[in-house]
Amino acid sequence: MSKLLMFGMPLSQAVACATINAAKVFDSFSDRGTLNVGAPADVAIMELRDGNFEFLDNYEGKRTGRQRLFPFAAVLNGKRTPARA
């Protein structure tokens, strides 16, 4: 999602690309990518930071972006997951 921000995509669209739009591609994930009542509670909580961040493409080309999302916490199946060391 941070790379999409680097290319100028608005945050709301970048989040949609990684959640609801991605879930629409596969019928078995029709209940994913949403916060609707009754949907599985799988949530990534992220912090948007400003700065200068380097990103690599598939050919190891480097580009610089001004914003990056950092994982802060996660909820999986309705329960907060333990922090990784």
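One can find the structure itself at the top, above this paragraph.
Residues numbered from 1 in each chain as written. Predicted model: local features only at pLDDT ≥ 70, side-chain atom pairs only at ≥ 80, totals over all residues. Heavy atoms only, no water.

Next up on the list: unusual backbone geometry. The residue E60 is not glycine, and still its phi comes out positive at about 65°. Residue classification places E60 among the exposed residues on the basis of a relative accessible area of 65%. With a phi angle near 55°, N77 is a residue other than glycine that sits in the positive phi range. By relative accessible area, N77 is classed as exposed at 61%. (Buried < 20%, exposed > 50% of the residue type's maximum accessible area, 1.4 Å probe, protein only.)

To find the voids left in a structure, one rolls a probe of water-molecule size over its atoms. Its boundaries defined by the atoms lining it, the largest pocket holds a volume of some 420 Å³. What lines the largest pocket is a set of 17 residues, among which V15, T19, D42, V43 and A44 lie closest to the centre. Broken down by secondary-structure element, the contributors of at least two residues to the lining of the largest pocket are helix 2 (11-18), helix 3 (20-24) and strand 1 (43-56). Class assignment of the residues belonging to the lining of the largest pocket gives a composition of 12 nonpolar, 3 polar and 2 charged. (1 Å grid on protein atoms, 1.4 Å probe; cavity = no way out; pocket = protein on both sides within 12 Å on 5 of 7 lines; lining within 4 Å. Points joined across faces, edges and corners; volume = space filled by probe spheres on them. Helix = DSSP H or I, 4+ residues; strand = E, 2+ residues; numbered from the N terminus. Nonpolar A, V, L, I, M, F, W, Y, C, P; charged D, E, K, R; others polar.)

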